[in-house]
Amino acid sequence: MDDDSRVTRRRVGDAEVRRANRGWWDADADDYQAEHGTFLGDVDFVWCPEGLREADAHLLGDVTGRRVLEVGCGAAAAARWLATQGARPVAFDLSAGMLRHAAKAADTSGVRVPLVQADALALPFADQSFDVACTAFGAIPFVDDSAALLAEVHRVLRPGGRWVFSVTHPMRWIFLDDPGEGGLKAVHSYFDRSPYVEQDENGVATYVEQHRTLGDRIRELVGAGFRLLDLVEPEWPPGHEGIWGQWSPLRGRLFPGTAIFVTERPAD
């Protein structure tokens, strides 16, 4: 199999998606933290590569005394920051590799939060046990059935609870994963929901990321019982010259790279 055939867009079954992404994040955890850990910090809540911080955006509202669930937490920097703001956070991730970095950062920072290894499609938490749920690029793009994930989050949130998550902006799927000039040309259909797949020489998926349109995301949220409060599309800030994968000043000044959905479970 040549290198070009190791990156494709194709349907992938749920079992293959789970196996691929858990294996990917376990294996990539060290490299990911080495590349992005300084930007994300040990005790900080950064929503996206554009650098929008919860300390400035206040998308979660007042978290003082609130039980907060960080979904797909990675190294759990956001959960630790929430703890310093008076929240009572719990952080979970599917990847043992990422949770290892979360435990290490707790030792480094001295800020500790409960860490749980769990599948976002089968949350090990009681109904209505959290006041707020959030994730910055965690879990949602990496499961086959994101509607089921949203239903699980709705289940564990109390009525009136807020659910906020950031994902790659759906329009980015039109373009190649290229931070340079090559990433300015539209080459894919926005309406092609085929996942982005990296695979080994035998055609077995090693990384899978899902695409949904903006309309898809809103329909999934409404179908799960959420009410959309806001859709934030962070602009590329002046003076920010960092590159994160496909995110770059060149592309960021022309079109959005991140979509942040601010929603709530309506009060009964």
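Conventions used here
Residues numbered from 1 in each chain as written. Predicted model: local features only at pLDDT ≥ 70, side-chain atom pairs only at ≥ 80, totals over all residues. Heavy atoms only, no water. 1 Å grid on protein atoms, 1.4 Å probe; cavity = no way out; pocket = protein on both sides within 12 Å on 5 of 7 lines; lining within 4 Å. Points joined across faces, edges and corners; volume = space filled by probe spheres on them. Helix = DSSP H or I, 4+ residues; strand = E, 2+ residues; numbered from the N terminus. Nonpolar A, V, L, I, M, F, W, Y, C, P; charged D, E, K, R; others polar. Buried < 20%, exposed > 50% of the residue type's maximum accessible area, 1.4 Å probe, protein only. Pairing = 2+ DSSP bridges. Axes fitted to C-alpha atoms, helices over the stretch in contact; angles between N-to-C directions. Contact = heavy atoms within 4.5 Å. Patch = residues over 30% accessible without salt bridge, like charges linked within 9 Å, V, L, I, M, F, W, Y side chains within 5 Å. Areas by Shrake-Rupley, 256 points an atom, 1.4 Å probe, with all protein chains shown as cover. Salt bridge = Lys/Arg side-chain N within 4 Å of Asp/Glu carboxyl O.

A. Broad picture of the layout of surface pockets. Of the pockets and cavities examined, the second largest pocket occupies roughly 160 Å³. Contributing to the lining of the second largest pocket are Gln33, Gly37, Thr38, Gly41, Asp42, Ala75, Arg80, His101, Lys104, Ala105 and Thr108. Elements that contribute at least two residues to the lining of the second largest pocket include exactly α1 (14-40) and α4 (96-109). A total of 4 residues in the lining of the second largest pocket trace back to one element, the largest contributor, which is α4. Of the residues contributing to the lining of the second largest pocket, the split by class is 2 nonpolar, 6 polar and 3 charged.

B. Spatial organisation of helix α3 (residues 77-84). Here α3 lies mainly inside the structure; 6 of its 8 residues are buried. In the stretch just after α3, Gly86 is the one whose phi turns positive, near 95°.

C. Looking closely at the sheet that holds strand β7 (residues 196-199). With respect to topology, 3 strands assemble into an open sheet ordered β1-β7-β8, the strand pairing being antiparallel. Looking at strand neighbours, the two that pair on one side only are β1 (7-9) and β8 (205-209), the edges of this open sheet. Averaged over neighbouring strand pairs, the angle between their axes works out to 25° when direction is ignored. By the bridge criterion, 4 bridges tie β7 to β8 in an arrangement that is antiparallel. Bridge assignment links Tyr196 to a residue of β8, and that residue is Glu209. Of the strands in this sheet, β7 and β8 are in contact with α1, which crosses β8 at around 100°.

D. Spatial organisation of a nonpolar patch on the surface. Among the surface-exposed residues, Ile218, Val222 and Leu228 lie close enough to one another that they form a single nonpolar patch of about 230 Å² accessible area. One can find Leu228 in strand β9 (residues 227-232).

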